[in-house]
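One letter stands for each residue in the lines below.
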Amino acid sequence: RSSDLYKLAIESYARVQTQWHETLLADQAEFQVAECWARLNEPARAKTLFWDLADKDPDGELTPAALLRIADLEFLQGHADTARALYTDISRAYPNPTRARALHGLGLIEYGADRFGTALDYFEQAHSACPTSDVADRALYLGAWCRVRLGQDEQAVTAFRTFVERYPNSAWAPDALFWVSEYEYNHGRYGPAETGFLTVARQYPQGTIADAALFWAGRAALRQNEFRRANNHFALLIKEYPASPKRPEARYYQAAALCELGEFAAAILIFDDLIKQFPDHELNETAWFRKGDCQFTLGTEDPKRYDEALSSYQTILDRPAVTPKARMQAEYKIGRCLEKTGRIPNAFEHYMNGVYLYYKTADHLPEDSVWFTRAAFQAAALKEAEKSWRKAAAIYQRIVDVDVPSSAEAQERIHRLRTEHWLYFY
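We now turn to the structure provided with this report. Every value quoted in this text rests on a predicted model; they were computed, and no experiment measured them.

Each value, and the rule that gives it
Residues numbered from 1 in each chain as written. Predicted model: local features only at pLDDT ≥ 70, side-chain atom pairs only at ≥ 80, totals over all residues. Heavy atoms only, no water. Helix = DSSP H or I, 4+ residues; strand = E, 2+ residues; numbered from the N terminus. Rg over C-alpha atoms; globule rule 2.2 N^0.38 Å. Buried < 20%, exposed > 50% of the residue type's maximum accessible area, 1.4 Å probe, protein only. Contact = heavy atoms within 4.5 Å. Areas by Shrake-Rupley, 256 points an atom, 1.4 Å probe, with all protein chains shown as cover. Lys, Arg positive; Asp, Glu negative; His and termini not counted. Charge placed at Lys NZ, Arg CZ, Asp CG, Glu CD. Phe/Tyr/Trp six-rings, centres within 6.5 Å; stacked < 30°, edge-to-face > 60°. Lys NZ or Arg CZ within 6 Å of the ring centre and 35° of its normal. Disulfide = S-S within 2.5 Å. Salt bridge = Lys/Arg side-chain N within 4 Å of Asp/Glu carboxyl O. 1 Å grid on protein atoms, 1.4 Å probe; cavity = no way out; pocket = protein on both sides within 12 Å on 5 of 7 lines; lining within 4 Å. Points joined across faces, edges and corners; volume = space filled by probe spheres on them. Nonpolar A, V, L, I, M, F, W, Y, C, P; charged D, E, K, R; others polar.

Broken down by element type, the protein chain carries 22 helices and 0 strands. Computed over its C-alpha atoms, the radius of gyration of the protein chain comes to 33 Å, more than 25% above the 22 Å expected for a compact globule of 426 residues. Projecting the C-alpha coordinates of the protein chain onto the three principal axes gives extents of approximately 115 × 40 × 35 Å. Across the 426 residues in the protein chain, those meeting the buried criterion constitute 49%. Long-range contacts, defined as pairs at least 24 residues apart, comprise 49% of the intrachain contacts of the protein chain with a sequence gap of at least 6. As presented, the protein chain carries roughly 21,900 Å² of accessible surface, and 50% of it is formed by carbon and sulfur atoms. Taking the average location of the 50 positive side-chain charges in the protein chain and that of its 59 negative ones, the two points are 8 Å from each other.

As C-alpha cells, then:
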C-alpha cells in the first residue's frame, strides 16, 4: 500500500536527519518528511514541519517551497483566505518560478470560487511571468477554461489551440484538443472536428479519452456521409480499446454506417453482437429494430428474410417493459412483414393494434404520432384495396380526430373517397 511506503520513507528520511544534522541534506530530508505526512492526509502535521523548516532559516533554499506547500495545504483544507494571504505574500517576496507558482495558486482559489475573470488574470500572469515553470502549462490550460466559463467560446478555442501548440506533451493537451474538436462538432464543422478527434486518438493513444476521440471521429464522419471512413474509425476503437465504455455505441453506429453502405448482412452481424454482449444497454431495443429493418430490406431478394424481420420485431413486442412508442413501431413493422408475405388480415390486425394503442396512451410525445399515422394509413390502404371505402374513410377519420401533422392529408383522402365513391356513403 502507498501509505506503508510513505511511512517507510519517513523512517528513512529521519535517519538522514539524524546522521547529517544541520546540513542542507538534513533540511531536504525534513522537507520530504513533511511531504510524506501531507500524502498520508495529515495536513496539520505536515504544515507544522513545513513551518519549522521555514522559520528555522527564512532565507534558506527550501523556504519558498515550504511556504508554497503550506499555502497549498491551506487551500486544500478549505481555508481560502489563509491560502490567499500566503500566496500573495510569496508572490511579492520571491522571484520566478516561485512567484509564478504563487500566482497560479491565487488563480486556483478564484477559479474554485467561480470568479473566472479574476482567475484568468492570475493564470495569465503566472504563465507570462515564467513560461518554463512547472505550472505554466496548467495556468494556460485553466486560463482557457476560464474563457469557457465566461462564455468566451471563440477565445477559448484560440486559447486551447495555443496551449496545445506550446505544450503538446502536457497531461492536459488531449483534453484541450478534444474540447476544441467537440466545439467544432457542435457547431456543424464536422470536417475539422473529425480531424481534431483523430489527432487526439493518434497522438495520445494511451490517454483516457483516446477511445472517446475515435468514437466522435466516427460520428463526425457519419455527419459528412463518409460511411466507409466512419466504419473504419469505429472498427479501430473496438480493436484497440476492447474495454471501452463506448464499445456498445461504437458497434451500433458501425452497423448504422454499414446500412448506409447497403451492407445489410454485415450490419445484422454487428447488431447481433451488440444485442448479445450488451443485453441491458439502452441501445439494445434500437438494435433489435435496426436488425429487423435490415432483414426486411433483404426480403426483396429473399422473402424468407421477412419472417426473420417479423421475429425480430416480435421479440421487442414480447418484452415486459416495452414502451407504447416501441410497441406501436413493432406493431406497424410486423404488419409490413405480414403484408409482404401475403397475410393481409393479420397485417391489418397489427396495423390497427398500433392505431388503438395510440388512443389508449396518454401524454403523447410528438414523435409518437409517426407510427400511429403510418399504421393508420397502411390499414386504410388495405381497406381501399378491398374496395371497403367506408371502412377506409373511418380509419382516415381517426387520423383527423387526433389532430396530428398528417391530419390534413387524411382529410383530403376522405374527401377523395367520398367524391369518387359517393354512393357508398349514403
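There is more to say after this.
To describe a pair of aromatic rings, one takes the distance between the centres and the angle between the planes. The tally for this structure, following the rule as stated, stands at 27 aromatic pairs. On the basis of an interplanar angle of 70° and a centroid distance of 6.3 Å, the ring pair of Trp 145 and Trp 179 is categorised as edge-to-face. Of the two residues, Trp 145 is situated in helix H8 (residues 136-149) and Trp 179 in helix H10 (residues 173-186); the sequence distance between them amounts to 34 residues. Here Trp 145 and Trp 179 have matching classes, each one buried. Each ring, one from Tyr 252 and one from Tyr 253, has its centre 5.2 Å from the other, and the planes form 85°; the classification is edge-to-face. Taken together, Tyr 141, Trp 145, Phe 160, Phe 163, Tyr 167, Trp 172, Trp 179 and Tyr 183 form an aromatic cluster joined through their ring pairs. Here Arg 45 stacks its cationic end above the ring of Trp 37, 3.8 Å away from the centre of that ring. When the ring centre of Phe 348 is taken as origin, the NZ or CZ atom of Lys 383, which lies over that ring, is 4.2 Å away.

Attention now goes to the state of the cysteines. By the definition in use, this model includes 0 disulfides. Free cysteine Cys 130: the closest other cysteine sulfur is in Cys 146, separated by 20 Å. A relative accessible area of 12% places Cys 130 in the buried class.

Turning our eyes to something else, we now look at the pattern of salt bridges. Counted under the stated rule, the structure contains 27 salt bridges. Between Asp 293 and Lys 333 there is a salt bridge, with its nearest N and O atoms 3.0 Å apart. Pair noted here: Asp 293 is in helix H16 (residues 284-298) and Lys 333 is in helix H18 (residues 324-340), with a separation of 40 residues, a long-range link. By relative accessible area, Lys 333 is classed as buried at 11%.

Right, let's get into the layout of surface pockets. In this structure, the largest pocket occupies an estimated 200 Å³ of space. If you go around the largest pocket, the residues you meet are Phe 31, Glu 61, Pro 64, Ala 65, Leu 68, Arg 69, Asp 72, Pro 97, Thr 98, Arg 101, Ser 133 and Asp 134. Only helix H4 (63-76) and helix H6 (98-112) provide two or more residues apiece to the lining of the largest pocket. The dominant element in the lining of the largest pocket, judged by the number of residues it contributes, is H4, at 5 residues. Split by residue class, the lining of the largest pocket holds 5 nonpolar, 2 polar and 5 charged.

Moving on to unusual backbone geometry. Backbone phi values are negative for most residues with the exception of glycine, while trans is the configuration of most peptide bonds. Look at the link from Asn 96 to Pro 97: it is a cis peptide, with omega at 5°. Phi at Asn 225 takes a positive value of approximately 60°, unusual for a residue other than glycine. Residue placement: Asn 225 occurs in the loop between helix H12 (210-223) and helix H13 (227-240).

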